[in-house]
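Listed here are the chains, written in short residue letters.
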Amino acid sequence: MTELHEFELAVRGMHCESCAIHVEGALGSVEGVRKVEVPSWKSARAKVVADKSVDAAGLAGAVQAAGYSAEVTARKPIRGPHSGGERSGGAIDLLVIGSGSAGFAAAIRGVEMGYKVTMVGAGAIGGTCVNVGCVPSKTLLRAVELYHLAGLDRFQGMRTRRESLDWPQLIEQKDQLVAEMRKARYENVLDGYPGISYIEGRAQLSSSNRVQIEGREYNPGKIVIATGAHAWAPPIPGLEEVGYLDSQAALDLKELPKSMIVLGGNAVGLELAQLYARAGTKVTVLELLPRLVPFEDEALSEALTGYLEQEGLQILPGFETRQVESRRGKTLVVGRQNGGYLSIEADSLLVATGRRANTAGFGLVEAGVEIGERGEIIVDEHLRTSSPDIYAAGDVLGRDMFVYVAAYGGALAAENALTGAGRVFDASAVPRVTFTDPQVASVGLTEAEARELGLPINVSEVEMGLVARAQAARDTRGLIKLVVGADDDRLLGAHILAPEAGEMIQTAVLAIRFGLTASDLRETFYPYLTNVEGLKLAALALEKDVSLLSCCAG
């Protein structure tokens, strides 16, 4: 018996009942289509019953050829033999390996489309962000920021009283928040999707569709690998013998060290460095590359370095670590900077030099999955691996390691795996935020990247001191920098250093995502006494001296 599948399509461009008839005819002309239903042009959707051999791209292409556009939003088998191997309770259409953001997004998308999904997780459910990353670090950062602000003279008569910092209590409160959010955002969510079967254990692939989990074999139709990443330390002589903190251990310290060396001057290293410095630890940051946050715009890097040094952090860029030793109960780091040797001593050493994909020990190579030089899974634009039935998403790809990118990728991988939708993974407008104070937020090309590509550009740079909100808040640290195409006026990049940069950047993300211009930014209303108004000032600065403008003047 021929296996039939049911497709749901979202259709755009229909304006009358004649349009609905045209779309219905276009879909019906595809070979293998048995039935088409377009309820009305207002519904903006279509339902198709077709042979299993019909793919999503063919249906969407037929609609496009008729002058409309369509996207397959769901596909499920409705008759005939099942696509997956047997397990208790039925067959598995999709096996998701990993229970973090990407894994959850993949599993949820699968059951929403009507498929049977099994998720495999090892360790704490929820992955990096909620357990050992974003949530615990940001709650500690906020608590210590409030403590730091209470001790500043900036507000003069409005200065608040500064209480003593109870570090063990902060750690306890952090752990409590993590447990609450893990339950609310993952455990309870899993309970809300009874269509997702959950297995606690470690998966081992023996082929593209044969997986061993806790001594039992499964034969899923498709697989999504979403195993995340782990903190990575470089092979420095003496490092393993002496011992060190990684980012997870640094968030669990029950006592504040008197001094700390932070190896790594990018987002994680700087967030934790400032956190501990504000809590009372003497902190030295060592960065191999010539400047902090080396992948951000140079102007922001230089300004941030100055602000951190004003708070008492010692910053040593261009430092090549050669040796780690233990001396009299302290950690000694020996390295070269500017042609000479330096030795730095501290009570603790935090290594924050990046993350590597969790790909070892899963049998991926044996299953035909190509692995890159740094252990990352290689995928195509549809998140498909070199093994046709296996897809991958999230930090295991070794790039764009953000929880929101992982969730997007997980859902897209599941949809492509199960329906053949052929959706393209698009990371062209991904925002980045480093939660120092002030924050660093960016999207798109830096000035250096644009010039390296040979693009004709115009650049504007505005100090936060010109933004009325910053003046009213008595905190004018930072700047806004825009990179704009000289030929078409399109926004190519936005880079912000400000106390609330993470809240400001989304306007620029939307502008780049939808191809808006600097003129669009200038001609858009911005509410007065908000920091995001600085984006308008930066756009205006491309053509005039904004220091000569009155409030809200354009």
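Residues numbered from 1 in each chain as written. Predicted model: local features only at pLDDT ≥ 70, side-chain atom pairs only at ≥ 80, totals over all residues. Heavy atoms only, no water.

This part takes up the sheet that holds strand β16 (residues 282–287). Spatial strand order, β17-β16-β15-β21: four strands in an open sheet with parallel pairing. Edge positions in the sheet fall to β17 (314–317) and β21 (348–351), since each of these pairs with one other strand and no more. Averaged over all adjacent pairs, the angle separating strand axes in this sheet is 15°, with direction ignored. Packing against the sheet, helix α9 (residues 267–279) makes contact with β15 (259–263), β16 and β21, and its axis sits at approximately 165° to β16. (Pairing = 2+ DSSP bridges. Helix = DSSP H or I, 4+ residues; strand = E, 2+ residues; numbered from the N terminus. Axes fitted to C-alpha atoms, helices over the stretch in contact; angles between N-to-C directions. Contact = heavy atoms within 4.5 Å.)

For the structure on display, the rule yields 26 salt bridges. In this structure, D437 engages R278 in a salt bridge whose closest nitrogen and oxygen atoms are separated by 2.8 Å. Taken together, the residues D437 in the loop between β24 (432–434) and β25 (439–444) and R278 in helix α9 connect sequence positions 159 residues apart. When sorted by exposure, D437 lands in the same class as R278, which is buried. Across the salt bridge formed by D297 and K481, the nearest N and O atoms sit 3.1 Å from each other. Remark: K481 occurs in strand β27 (residues 479–485) and D297 occurs in the loop between β16 and α10 (298–310); sequence separation between them is 184 residues. (Salt bridge = Lys/Arg side-chain N within 4 Å of Asp/Glu carboxyl O. Buried < 20%, exposed > 50% of the residue type's maximum accessible area, 1.4 Å probe, protein only.)

What follows is about the sheet that holds β25. Pairing is antiparallel across the open sheet formed by five strands, whose spatial order is β24-β25-β28-β27-β26. Sheet topology places β24 and β26 (457–463) at the edges, where each strand pairs with a single neighbour. Averaged over all pairs of adjacent strands, the angle between strand axes in this sheet comes to 10°, irrespective of strand direction. The pairing of β24 with β25 spans three bridges and is classified as antiparallel. Bridge assignment links R432 to a residue of β25, and that residue is S442. The sheet contacts of α10 involve β25, β26, β27 and β28 (491–498), and relative to β28 the element is tilted by about 5°.

Our focus in this paragraph is a nonpolar patch on the surface. On the surface, L288, L289 and F295 cluster together into a nonpolar patch covering about 310 Å² of accessible area. Considering the arrangement of structural elements, one finds L289 in the loop between β16 and α10. (Patch = residues over 30% accessible without salt bridge, like charges linked within 9 Å, V, L, I, M, F, W, Y side chains within 5 Å. Areas by Shrake-Rupley, 256 points an atom, 1.4 Å probe, with all protein chains shown as cover.)

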